[in-house]
Every structure is written in structure tokens, then in C-alpha cells.
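Geometric and topological summary
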Amino acid sequence: MSFERNEPERIKAEGGAVGPGGIITPSAGISNSHYVNPHQGDTNLFYPNNMGRFFFVAMEELLGKNGLNAVLNLAGLSRFINNYPPNNLEKKFSFANYAAINQAIEDFYGVRGSKGLLLRAGKVCLERALTEYTAIAGVGNLGMRLMPQNIKVKIALGVVAKTFSTISDQSSKVSETSEGFIYENETCSMCWHRQTTSPCCHVANGVLIATLHWATTKNYRVNEVQCMAMGQPTCRFVIDKTPIE
Ligand SMILES: [Zn+2]
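Calculation rules
- Residues numbered from 1 in each chain as written.
- Predicted model: local features only at pLDDT ≥ 70, side-chain atom pairs only at ≥ 80, totals over all residues.
- Helix = DSSP H or I, 4+ residues; strand = E, 2+ residues; numbered from the N terminus.
- Buried ≥ 20, exposed ≤ 12 C-beta atoms within 10 Å, placed from the backbone.
- Expected span 1.5 Å × (residues − 1).
- Arc of directions from axis to C-beta.
- Contact = placed C-beta atoms within 7 Å.
- Core = buried A, V, L, I, M, F, W, Y, C linked by C-beta atoms within 7 Å.
- Pairing = 2+ DSSP bridges.
- Axes fitted to C-alpha atoms, helices over the stretch in contact; angles between N-to-C directions.

Some details on the overall build of the chain
- Looking only at helices and strands, one finds five helices and eight strands in the chain.
- Counting from the amino terminus, helix and strand elements in the chain follow one another as α-β-β-β-α-β-α-α-β-β-α-β-β.
- In the chain, which comprises 245 residues, the proportion classed as buried is 40%.

Written as C-alpha cells, this is what we have:
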């Protein structure tokens, strides 16, 4: 897999402003209102530290250090500047932090610009996680090579859901309908206590696209059709059963 690295150039092309050192000018107002999402309760949930770390490393790769520092300042998380979460499985990186960074990125880049960026961040996170864990877990070869494409997709989605549900407080499940495979977050870090008018869990979307590419070498369309930040009961992603030609 290869990903476009020159994010500031793309932001400029889309009408955003990039200052010296990759500092990007906010394109939308900043909301600090506290909102308790009825579907996620008011108790903070956690990812393992390394999931937070992979996200920071991915964002640094896409924005440059200065760009990420600006995002962290805006998110009220300057304590993480040059101080990323450690590479371990302790569940200490909060959904509140994750959501604040996602919100700050949306505030900086606008709804449209942030979507492309967060999708790519999800893909880079998945690359990092695979590099880190496939050797250890021996899942580099799931014996999937000869399986029908649809089964590979189903197994890969199941592995992602099970991984999140096991090592983090993100509860995910997979099902299948006539419209496609359904990946659903019942608790979700990206939209944690946020209110939006369109689905905003793009990192998960990127992780799913990259996982399916890894498992099948094909590109699948993944579409978030409902989101808890819009008041819906789960964050729901529909995955087409046939890859994009
Ligand atoms: Zn969500």
C-alpha cells in the first residue's frame, strides 16, 4: 500500500491555508460545549496506549511535527507534544482524548478536508499495527490465500472487531445483510460525546479499507451510514460485497 504524504499541498489545493512549518489555519469555529451522548453514557472509555501512539505517529507522518503540535494545542492536549503514549497495551488512552483530536482536526481542516486526512490516518495506523503485530501474532498468513473473496472479507472484518473489543473499550461487531457486510461500533472513540451533522468516524473507515486491502489486495468501498454523533444508536459502516473495479 502506498499513501500520499504531502498533506499540506492537498489542503491548499482544497482551499485551506497552510502557514510556515505546516501550521494550518482553522477553517471552522471551535466548539467547546460539553455534550453527553445518550448512546455512549458519561463514563470515559479507553484504548490501549499503543493505539493512541499509532494515531500520533500517523498524524505526524501526514501533518509534520508542527502541524500535529498545532492540532494538539487546539485540542487542549499539549501535554502529548513530544510525549506520545508508550508502546504498550495498558488501557490508558481515553476516548475523550481521541475524540478531542478528531474534533480539532475537523476544526482545522473543515469537514471535507478532515475526512480525507483521517481516512489516510486510519490506513497508516493499520500499517503500523500490522508491522508491529503480525510477526508476533503469526497472523501474517491466515491461510486465507485460497479462500473465496467474500469469506476473506468476513474473516478480516471479524478480526478487526474482535481485536478492538478484546484489547480496548471499543465494542464492535460484524454482521451481513443484503446491502453488504455491516461493521458496527457500539462504543466509539472518534465521535465520543461529539455532535455532528455528518458521520465523523473516518479513522475507523480508513482502518477497514486498509484491512480489506491487506486481506484481499482489492479496494472495497466502506461507507459510514450512521453515527452516534448524529444521535444514532451505533456507528454503522456498510461494506460493499464486491470490490471497486
Ligand atoms: Zn463513531
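Section: helix α4 (residues 149-167)
- If you check α4, its first and last C-alpha atoms are 27 Å apart, about what 19 residues at 1.5 Å a residue would give, namely 27 Å.
- What α4 keeps buried is the set Val153, Ala156, Leu157, Val160, Ala161 and Phe164. Along the axis of α4, the buried positions cluster into a sector of 130°, meaning they face one direction only. Facing away from the buried side of α4 by more than 90 degrees, the exposed set consists of Ile151 and Thr166.
- Elements that come into contact with the buried residues of α4 comprise β5 (172-177), β6 (180-185), α5 (202-216) and β8 (235-239).

A closer look at the nonpolar core
- Counting residues in hydrophobic clusters, the biggest one holds 63 residues, and the most contacted among them are Val71, Ala121, Cys191 and Leu208.
- Going through the elements one at a time, β3 (46-48), α2 (49-74), α3 (95-137), α4, β6, α5 and β8 are the ones with two or more residues in this core.
- No other element matches the 16 residues that α3 contributes to this core.
- With residues near it in sequence (within four places) discarded, Leu208 still touches Val160, Tyr183, Val222, Phe237 and Ile239.

So, the environment of Asn150
- Mapped onto the secondary structure, Asn150 falls in helix α4.
- Sequence separation of Asn150 and Thr242 is 92 residues, and the distance between their C-alpha atoms is 8.0 Å.

Digging into the environment of Met228
- Note that Met228 resides in the loop between β7 (222-226) and β8.
- Distance in space between the C-alpha atoms of Met228 and Met190 is 9.8 Å, their sequence separation being 38 residues.
- Filtering out sequence-adjacent residues up to four positions away, Met228 remains in contact with Asn37, His39, Gln40, Cys188, Cys191, Thr234 and Cys235.

Section: the environment of Thr211
- Turning to its location among the elements, Thr211 is positioned in helix α5.
- Separated by 58 residues in sequence, Thr211 and Val153 have C-alpha atoms that sit 8.9 Å apart.
- Discounting chain neighbours no more than four positions away, the residues touching Thr211 are Leu126, Ala156 and Val160.

Here we look at the sheet that holds β6
- Judged by pairing direction, the sheet is antiparallel, and its four strands sit side by side in the order β5-β6-β8-β7 without closing on themselves. Two strands lie at the open edges of the sheet, namely β5 and β7, each paired on one side alone. Sheet twist, expressed as the mean angle between neighbouring strand axes with direction ignored, is 25°.
- When β6 meets β8, the two strands line up antiparallel, connected through five bridges. Among the inter-strand pairings, Ile182 is bridged to a residue of β8, identified as Val238.
- Relative to β5, α4 is tilted by about 155°, and along the sheet it contacts β5, β6 and β8.

Some points on the pairing of β6
- Bridge count for β5 against β6 is six bridges, and the pairing is antiparallel. When the sheet's bridge partners are listed, Ser175 is paired in β6 with Ile182.
- Where β5 folds back on β6, the antiparallel hairpin that results is connected by two residues.

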